[in-house]
Amino acid sequence: MPASTDTTFRNATIAVLVENEAGILARVVGLFSGRGYNIESLTVAPVDEARRLSRITIVTSGTDMVIEQIKAQLDRLVPVHKVSDLTLEGPHLAREMMLIKVAGRGEHRMEALRLADAFRARVVDATTESFVFEMTGAGEKLDAFIELMRPIGLTEVSRTGVVAIARGPGGLQA
Amino acid sequence: MSATLKTETEARTMNGAEIVLQALKDQGVEVIFGYPGGAVLPLYDAIFQQNAIRHILVRHEQAAVHAAEGYARSTGKVGVVLVTSGPGATNAVTGLVDALMDSIPVICLTGQVPTHLIGNDAFQEADTTGITRPATKHNYLVKDIGKLASTVHEAFYVAKSGRPGPVVIDLPKDILIGKGPYSEAPKTAHRSYRPMTEPDAGQIRAAVKLLKGAKRPVVYAGGGVINSGPEASRLLGEFVRMTGMPCTNTLMGLGAYPSTDPQFLGMLGMHGTFEANLAMHGCDVMLNIGARFDDRVTGRLNAFSPNSKKIHADIDPSSINKNVKVDVAIVGDAARVLAALVEAWREEGAGQDREAIAGWWRQIEGWRETRCLQYRQEGSIIKPQHAVKRLYEITREMRQETFITTEVGQHQMWAAQYFGFDRPNRWMTSGGLGTMGYGLPAAMGVQIAHPDALVIDIAGEASILMNIQEMGTLAQYRLPVKVFILNNEYMGMVRQWQELLHGSRYSESYSEALPDFVKLADAFHAKGIRVTRAEDLDAGIREMLAHPGPVIADIAVAKDENCFPMIPSGAAHNEMILAPGQAGGVAGVTDEGKVLV
Ligand SMILES: Cc1cc2nc3c(=O)[nH]c(=O)nc-3n(C[C@H](O)[C@H](O)[C@H](O)COP(=O)(O)OP(=O)(O)OC[C@H]3O[C@@H](n4cnc5c(N)ncnc54)[C@H](O)[C@@H]3O)c2cc1C
Ligand SMILES: Cc1ncc(C[n+]2csc(CCOP(=O)(O)OP(=O)(O)O)c2C)c(N)n1
Ligand SMILES: [Mg+2]
């Protein structure tokens, strides 16, 4: 239980470099559920096949004390190489990709296309009564696009969750 | 011996079971606590064909883990467990969590169904790595015999480095049977797990500066000092004496600082002494070394030591600023930290305010006058405190190397309060998980490691029944463990909470239909003793100690005795309840406090 004096919440985008091995995702997810931390988004993929490394990006929120705890808990998992609090460590880029399906005819189709163009979403599938758009950007931009598509004929959304990287020359090394 | 072994082993390919045993030997393992079953038969076959490693057959897998914990805690080595798949592994889980909570290095080898059957609900299959993931420091499922030897070596490294803990290696049967290469422990650093042991010099200086300026300092040392090894306890003694500060230990830290030393305030926390808790509450600088600000220790967090600067030295960064925000954080091994503190204390020019420290000690002496652990032994009914105190005094007279384990409950707290420890590794108790049934198997493990020592399990009549089957193990291996039961015919700790928090409604806390412990001892080829009158207590203790084999001493004690002092859940250190008749603050339990355990 965190001390009751520390009550201001903040968001944190945390990058974790881990061994690419069975069970690592379960360990990370289990840590969050077992200790009652929030996960707003979690993404994982191998980033270095030769050195068997994967990178996990976690978006979470909590008091400073809780976020420090989360980082310390992640860092003490045996297969974890590095933990970096991108939010704290300086400017960083955060992006998410989404595939979004919109169904409709006539004016609705045109409206969907116009908005997609404005949001720089790409058409990756089209039928006479539907589009699938691909879109990359900050989470809020994706949210905004989804809201616009809702009245037009939103059918389905699939999002990747956030991937993030620090700006500048520095890199997260194992 | 190992040289001939190696040339032999290099000459032939080994099967998985032999590889495991060879790796254990290379890691210096002498004893395994285990229980066989289908999935681990290849390992048992390999054990049968060698003499270097001794196998101790327990009667329940939970006991195997507690025995390994007792072995580990009393020697500083890694304890090793071997159990079969499915129920063998699930029975071990309580022991694993116990070791995790108390930072005890244990390796648990679990059998598993062959790799091609994993996930098929095969006979005695359980998702052992899934189940034990939150129960261990780390776990492995070996699916490639080429990685078997290196996995065992890595498991030992993980179990004992940094903050120690239990590690499971799940071994499918085809891996144990298959043939593969053996490799020795790697000399290179681990790829990802490299805990920091050397403290930062700047933080050490900051700590010493705070401590030199302190007018009311206190040292609060915990299990991490024991984990670090005997040198850490020696250095703790040196540092505390050179600084003239008072020192208190957690339940897990008992023995880190000598109980007989005048600078020792006793244990702190829920059932700690009046002086230790008030010193924690009133101090201006606190040095926590190897303790984790557990809720049994802090009481209500927002009232915990409200006016102090806090220094926390711990090998695990996740222990720091977890419950209590500190002013100086030192990550490192306790012995390294203490050595650096001793040195920096000598070098730092500024002197202490000796007068202020003397005033602080006068205040502490005033608190000591309360004599919070005093009790009155009158009449024939044995006070449980008296039973422990006499046990302590009589064993001290005997000057034999003595190790104490406990079960969980009031007797555990009385053992902590009335049995003094002057050296580390002599006290094994289940602190973090509070596992009833820990003490007897733990004592077994201690006795295996120290065959000539006196090993006593201070027990409650309820707890002892949770792993009583281990009396069979004592008989088989002629382990002269003494089980000293404080029999109050109640789950006393539960009864006490019911009395204080639930209007004396003693719901299901009476120990009904107890066995006749003398006959029970007899049935297990041990000696049974029953003592019911205070006049006979000493003779009973001496009879127990004089017997060369295992003994159950059933000591009938006062049924309704409560354990004091007590800081009720949700209360602050200065709201301690003392025994009736002792002056001091009296707290009411708030509704908020009732929610807490
Ligand atoms: C019925 C009951 C009542 C209890 N009442 C009390 C009570 O009154 N008082 C009390 O104190 N406890 C009490 N406990 C025990 C309590 O629950 C905790 O187990 C205990 O307080 C924890 O002790 P600790 O802080 O020393 O930490 P431990 O659990 O021993 O943890 C050790 C700490 O040291 C660190 N460490 C490990 N190795 C090293 C190293 N090499 N160098 C540096 N640091 C290291 C670890 O990271 C960890 O933070 C009670 C338990 C029970 C069951
Ligand atoms: C496995 C387990 N179950 C339940 C508890 C809760 N509990 C804590 S102390 C206690 C009573 C212990 O009774 P006894 O062994 O007689 O010891 P006493 O308190 O009487 O000394 C219980 C049930 C526990 N700690 N462990
Ligand atoms: Mg009892």
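Residues numbered from 1 in each chain as written. Chains lettered and ligands numbered in written order. Predicted model: local features only at pLDDT ≥ 70, side-chain atom pairs only at ≥ 80, totals over all residues. Heavy atoms only, no water.

Looking up chain B in an unreviewed UniProt entry gives the name Acetolactate synthase, with the organism given as Dankookia rubra. In the Catalytic activity (unreviewed entry) part of its UniProt record, chain B is described as follows: "2 pyruvate + H(+) = (2S)-2-acetolactate + CO2". Within the UniProt record for chain B, the comment given under Sequence similarities (unreviewed entry) is "Belongs to the TPP enzyme family." (UniProt positions renumbered as here; feature names shortened; annotations may be inferred.)

Identification of chain A as Acetolactate synthase small subunit from Dankookia rubra is taken from an unreviewed UniProt entry. UniProt lists a comment for chain A under the heading Subunit (unreviewed entry), and it reads "Dimer of large and small chains." Turning to chain A, the UniProt record has this under Catalytic activity (unreviewed entry): "2 pyruvate + H(+) = (2S)-2-acetolactate + CO2".

Residue and element names in this part refer to chain B. Close to ligand 1 lie 36 residues; G223, T250, R292, D314 and D333 are nearest. Take I315: an N or O atom from its main chain is 3.3 Å from a nitrogen atom of ligand 1. A334 has a polar backbone atom sitting 2.8 Å from a nitrogen atom of ligand 1. Surface burial for ligand 1 is 96%, taken as the share of its 990 Å² of free accessible area covered by protein chains. Mapped by element, the contributors of at least two residues to the shell around ligand 1 are α10 (223-228), α13 (295-298) and α17 (410-418). It is α10 that contributes the most residues to the shell around ligand 1, 4 residues altogether. When grouped by side-chain class, the residues that make up the shell around ligand 1 number 12 nonpolar, 17 polar and 7 charged. (Near = heavy atom within 4 Å. Polar contact = N/O pair within 3.5 Å; in protein donor to acceptor, adjacent residues only side chain to side chain. Areas by Shrake-Rupley, 256 points an atom, 1.4 Å probe, with all protein chains shown as cover. Helix = DSSP H or I, 4+ residues; strand = E, 2+ residues; numbered from the N terminus. Nonpolar A, V, L, I, M, F, W, Y, C, P; charged D, E, K, R; others polar.)

Quick look at the interface of chain A and chain B now. By convention, interface size is frequently given as the accessible area that disappears when the constituent parts associate. The partner chain B presents 22 residues to the 21 residues of chain A that form the contact. Between chain A and chain B, the buried area comes to about 1700 Å², and carbon and sulfur atoms account for 52% of it. Summed over the three residues of chain A that lose the most area to chain B, namely R27(A), M65(A) and V78(A), the buried surface amounts to 38% of that side. Taken together, chain A and chain B are joined by 2 salt bridges. Summed over the shared surface of chain A and chain B, the result is 8 residue pairs in polar contact (both at pLDDT 80 or more). Put simply, the parts of the chain that give the side of chain A that touches chain B at least two residues each are α1 (24-35), α2 (64-75) and β4 (80-85) of chain A. Counting residues per element, the side of chain A that touches chain B draws most heavily on α2(A), at 4 residues. Partitioning the side of chain A that touches chain B into residue classes produces 10 nonpolar, 5 polar and 6 charged. (Contact = heavy atoms within 4.5 Å. Buried area = accessible area lost by both parts, 1.4 Å probe. Salt bridge = Lys/Arg side-chain N within 4 Å of Asp/Glu carboxyl O.)

Residues and elements named next belong to chain B. Of note, H66 is situated in helix α4 (residues 61-75). Residue classification places H66 among the buried residues on the basis of a relative accessible area of 0%. Sequence separation between H66 and R368 is 302 residues; the distance between their C-alpha atoms is 36 Å. Side chain to side chain, H66 and Q62 meet in a polar contact 2.9 Å long. (Buried < 20%, exposed > 50% of the residue type's maximum accessible area, 1.4 Å probe, protein only.)

With that out of the way, let us pick up the environment of Q62(B). Positionally, Q62(B) belongs in helix α4. Other than its neighbours up to four places away in sequence, Q62(B) contacts N91(B), A92(B), T94(B), G95(B), T435(B), M436(B) and N467(B).

With that settled, the discussion passes to helix α3 (residues 41-48) of chain B. Note: α-helices contain 3.6 residues per turn, so residues at a spacing of three or four share the same orientation. For α3(B), the set of buried residues is P42(B), L43(B), Y44(B), A46(B) and I47(B). Against the buried residues of α3(B) lie α2 (16-26), β2 (31-34), β3 (54-57), β4 (79-83), β7 (166-172) and α8 (173-177) of chain B.

Residue and element names in this part refer to chain B. Q410, G434, S463, Y490 and G492 are the nearest of the 17 residues found near ligand 2. A distance of 2.7 Å separates an oxygen atom of ligand 2 from a polar atom in the side chain of S463. At 2.7 Å from an oxygen atom of ligand 2 is found a main-chain nitrogen or oxygen belonging to G492. Compared with its free state, where it exposes 590 Å², ligand 2 has 77% of that area covered by protein. Looking at the shell around ligand 2, the elements that each hand over two or more residues are α17 and α20 (492-501).

On to the layout of surface pockets, then. If you add up the space inside the second largest pocket, you get close to 1100 Å³. Looking at the second largest pocket, it is lined by 41 residues, and the ones nearest its centre are E21(A), Y140(B), K147(B), T151(B) and E154(B). Those elements that provide at least two residues to the lining of the second largest pocket are α6 (128-132), β6 (138-141) and α7 (148-160) of chain B. Per-element tally for the lining of the second largest pocket: the top contributor is α7(B), with 7 residues. Across the lining of the second largest pocket, the residue classes break down as 13 nonpolar, 14 polar and 14 charged. (1 Å grid on protein atoms, 1.4 Å probe; cavity = no way out; pocket = protein on both sides within 12 Å on 5 of 7 lines; lining within 4 Å. Points joined across faces, edges and corners; volume = space filled by probe spheres on them.)

The next thing to look at is the UniProt feature "domain: Thiamine pyrophosphate enzyme central" (unreviewed entry) in chain B. In this structure's numbering, the residues bearing the UniProt feature "domain: Thiamine pyrophosphate enzyme central" (unreviewed entry) are residues 204-341 of chain B. Between the C-alpha atoms that bound residues 204-341 of chain B there is a distance of 6 Å. The span itself is 37% helix and 20% strand.

Let's shift gears to the side chain of T129(B). Within the secondary structure, T129(B) is located in helix α6. Once residues lying within four places of it in the same chain are set aside, the contact partners of T129(B) are N139(B), Y140(B), L141(B) and D170(B).

Residues and elements named next belong to chain A. Split into domains, chain A comes out as domain 1 (10-85) and domain 2 (93-163). Just the C-alpha atoms count here: the centres of domain 1 and domain 2 sit 29 Å apart. Facing the 4 residues of domain 1 at the interface are 4 residues of domain 2. Summed over both sides, the interface of domain 1 with domain 2 buries roughly 310 Å², with 64% coming from carbon and sulfur. (Domains from an automatic or database assignment.)

This next bit is on empty space enclosed by the protein. This model, assessed by the stated rule, comprises 2 cavities of 30 Å³ or more. By volume, the largest cavity amounts to about 50 Å³. Lining the largest cavity are E69(B), R73(B), D98(B), D102(B), I104(B), M252(B), W427(B), M428(B), T429(B) and Y438(B). For the lining of the largest cavity, the secondary structure elements donating two or more residues are α4 and β16 (427-428) of chain B. Each of domain 1 (13-181) and domain 3 (384-556) of chain B gives at least three residues to the lining of the largest cavity. If you list the elements that add at least two residues to the lining of the second largest cavity, you get β5 (92-103), α3 (107-118) and β7 (130-137) of chain A. No other element matches the 3 residues that α3(A) contributes to the lining of the second largest cavity. Class assignment of the residues belonging to the lining of the second largest cavity gives a composition of 4 nonpolar, 3 polar and 2 charged.

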